[in-house]
Amino acid sequence: MTERDEASEVDEVEEAYEAIVVGGGIVGASTAYHLAREGCETLLVDRRDEGRATDAGAGILSAATSSRGSDSTWFDFATTAVDYYDELVAALEDEQDGPHGYAKRGLLNVAFGDDEVEQYDEVLERIRERQAAGGPPAEGTVHELSGEEAREHFPPLGETKRAFYYDDAARVDGQTFEGALRRAGEAHGLDTLEASVDSLVLDGDEVVGVVVEGDEADEEDELAADAVVVAGGAWSNDFGEQLGVEIPVEPQRGQIVHLDLDADTEGWPIVSPYRHKYMVSWDDGRVAVGATRETGSGFEPRTTVDGLHDVFGEILRVAPGLGDASLREVRVGLRPLAEDGLPVLGGVPGVDGAFLATGHGPSGLQLGPYSGKLVADAVRGEDVSEVLKPFGVERF
């Protein structure tokens, strides 16, 4: 990527960058980190919206056992994305000195009602078929358990009809991991700015910068860039009209409850039942339980009686032993859900220098770091077109 003559491209520019990333959740932070790591002069602009999905996700990393595995496009991408965490975590441990919030944990898949047993059998059959074909998951990593054995892994668990344990799952704290990406990016020269991007700056069919306002910006600033990546989560479609495309991403509210236990939860596995809920244990006596999937919620990151009733009911159904736990906090996130459930990644047709990285829905922490890497590669001119083809905005 070549340096541009600032005066000839954008008038009265405060600064110029090779790339500006709009949105600082885990997808935007990953994109910015990967750009900076490769020597690209990059600015990450983030207004830290209340309700952004990264702050409220559970961070389950277990694509190989997902009940969504019948969707081959999603599954192939997700398994690669989860595998990429190992490489990325190793890099972050070398490039920044803070926590990253990632840890290997087993996953306990459990079925209670007859409807869940049917889904359980379908998932286990797909797993066995994949293992016979060479995986993932790898042979020897999935073990069926009795109810008593399942409770040995997760003591608060109720009486299960079926259960299996997967060795190679992991979990990640989204806020902590995003912070690690930022720190590592800054070590490579990444600039950050807490402000709002009010609009893009276009010169014909080319994006040449952004207009920022508020917080750390001086009133209204115009910043030049060779490329702009829109990674605005549920708010990404704010730029669709300017770019001449529809970005069919809408907020899906998720309410997630964090419980305090008077117990040693270190090493407890992720618990995955079959009604879009989960339980993720952390080493400080905390168990996160969620989450609601409230499509059509609008931009309202608030708790609701219906939502909390749904989550608390699942706690008592799946793990009645948690009934005496204390409530630490409730987090609410607005997941950027794309119309077809797949992320929206890559360049914007007909607009040079414009890229999208959004639409991950409830899989943002699972897919986001790898998505950010791929979009960063595309910005830098690497040929990742075949990988990104299923996720282009032109599919809508």
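Definitions and cut-offs
- Residues numbered from 1 in each chain as written.
- Predicted model: local features only at pLDDT ≥ 70, side-chain atom pairs only at ≥ 80, totals over all residues.
- Heavy atoms only, no water.
- Helix = DSSP H or I, 4+ residues; strand = E, 2+ residues; numbered from the N terminus.
- Expected span 1.5 Å × (residues − 1).
- Buried < 20%, exposed > 50% of the residue type's maximum accessible area, 1.4 Å probe, protein only.
- Phe/Tyr/Trp six-rings, centres within 6.5 Å; stacked < 30°, edge-to-face > 60°.
- Lys NZ or Arg CZ within 6 Å of the ring centre and 35° of its normal.
- Pairing = 2+ DSSP bridges.
- pLDDT = per-residue confidence, 0-100.
- Contact = heavy atoms within 4.5 Å.
- Axes fitted to C-alpha atoms, helices over the stretch in contact; angles between N-to-C directions.
- Parallel < 35°, antiparallel > 145°, perpendicular 65-115°, else oblique.
- Left-handed = near helix turned anticlockwise from the far one by under 90°.
- Nonpolar A, V, L, I, M, F, W, Y, C, P; charged D, E, K, R; others polar.

Q: Help me understand helix α2 (residues 26–37), please; the structure alone is not making it clear to me.
A: For α2, which comprises 12 residues, the first-to-last C-alpha distance of 16 Å matches the rise-based estimate of 16 Å (1.5 Å per residue) to within 8%. With respect to burial, α2 is a largely interior element, 11 of its 12 residues being buried. Those residues of α2 lying buried are I26, V27, G28, A29, S30, T31, A32, Y33, H34, L35 and A36. Positive phi appears at G39, one or two residues downstream of α2, with a value of about 85 degrees.

Q: Help me understand the packing of aromatic side chains in this model?
A: Aromatic rings in a pair are described by how distant their centres are and how their planes are angled relative to each other. The final tally for this structure, using the stated rule, is 8 aromatic pairs. Geometrically, the ring pair formed by Y85 and F177 is tilted, given 5.2 Å between the ring centres and 55 degrees between the ring planes. In this pair, Y85 is assigned in helix α3 (residues 72–95) and F177 in helix α6 (residues 174–187), connecting sequence segments 92 residues apart. Its relative accessible area of 0% is what places F177 among the buried residues. With a centroid separation of 5.1 Å and 65 degrees between ring planes, the pair formed by F154 and W268 is classed as edge-to-face. Taken together, the positions of F154 in the loop between α5 (147–153) and β7 (162–166) and W268 in the loop between β13 (249–260) and β14 (270–272) put the pair 114 residues apart, joining distant regions of the chain. Side by side, F154 and W268 carry an identical accessibility label, which is buried. Through a chain of ring-to-ring contacts, the aromatic side chains of F77, Y84, Y370 and F391 assemble into a single cluster. Seen from the ring of F75, R130 lies directly overhead, with NZ or CZ sitting 3.9 Å from the centre.

Q: Looking at this model, I keep getting lost on unusual backbone geometry. Mind explaining?
A: Among all residues save glycine, negative phi is the norm, and among peptide bonds the norm is trans. Here G135 and P136 are connected by a cis peptide whose omega angle stands at 5 degrees. The topology assignment puts P136 in the loop between α4 (114–132) and β6 (142–144). Cis geometry marks the peptide bond from G290 to A291, where omega comes out at -15 degrees. For A291, the position within the fold is in the loop between β16 (286–290) and β17 (294–295).

Q: So what exactly am I meant to see when it comes to the sheet that holds strand β4 (residues 102–104) here?
A: Hydrogen bonds along the backbone pair up the strands of a sheet, which may run parallel or antiparallel. The strand order across the open sheet formed by 3 strands is β3-β8-β4, and the pairing between neighbours is antiparallel. Across the chains shown, the open sheet's two edge strands, defined by having one partner strand only, are β3 (60–61) and β4. Sheet topology note: the β3/strand β8 (residues 170–172) ladder contains 2 bridges and is antiparallel. Among the inter-strand pairings, I60 is bridged to a residue of β8, identified as R171.

Q: I would appreciate a short explanation of the confidence of the model for the protein chain in the present structure.
A: Reading predicted coordinates in detail is not appropriate for stretches of low pLDDT. Residues at a pLDDT of 70 or more form 95% of the protein chain, whose mean pLDDT is 93. Taken as a whole, residues 1–13 scores under 50 in pLDDT and shows 20 contacts with residues more than four places along the chain or in a different chain.

Q: Help me understand the pairing of β16 in this model?
A: Successive residues of a regular strand alternate their side chains across the two faces of the sheet. Most of β16 is tucked away, with 5 of its 5 residues classed as buried. Residue alternation in β16 divides its side chains into two sets, R286, A288 and G290 and V287 and V289, and both sets are buried. By the bridge criterion, 4 bridges tie β13 to β16 in an arrangement that is antiparallel. Looking at the pairing, D260 lines up with R286 of β16. Two strands pair when backbone bridges link them, and strand β15 (residues 278–282) and β16 are joined in this way by 5 bridges, in the antiparallel orientation. From the neighbouring strand, S281 faces β16, where its bridge partner is V287.

Q: Just to check I follow, could you spell out the environment of S326 for this structure?
A: Its location among the elements puts S326 in strand β18 (residues 326–338). With 64 residues separating them in the primary sequence, S326 and D262 have C-alpha atoms 8.9 Å apart. Excluding residues that lie within four positions of it along the chain, S326 makes contacts with H258, L259 and D260.

Q: What should I look at first to understand the packing of α3 against α6 in this one?
A: Helix-helix packing is described using two parameters, namely the angle between the two axes and the distance between the axes. One way to put it is that α3 packs onto α6 with a least axis distance of 9 Å and a crossing angle of 55 degrees. Relative to α6, α3 is oriented oblique. Viewed along their axes, α3 and α6 form a crossing whose handedness is left-handed. Across from Y85, L88, V89, L92 and E95 in α3, the residues of α6 making contact are F177, A180, L181, A184 and A187. Broken down by class, the residue content of the contact of α3 with α6 amounts to 9 nonpolar, no polar and 1 charged.

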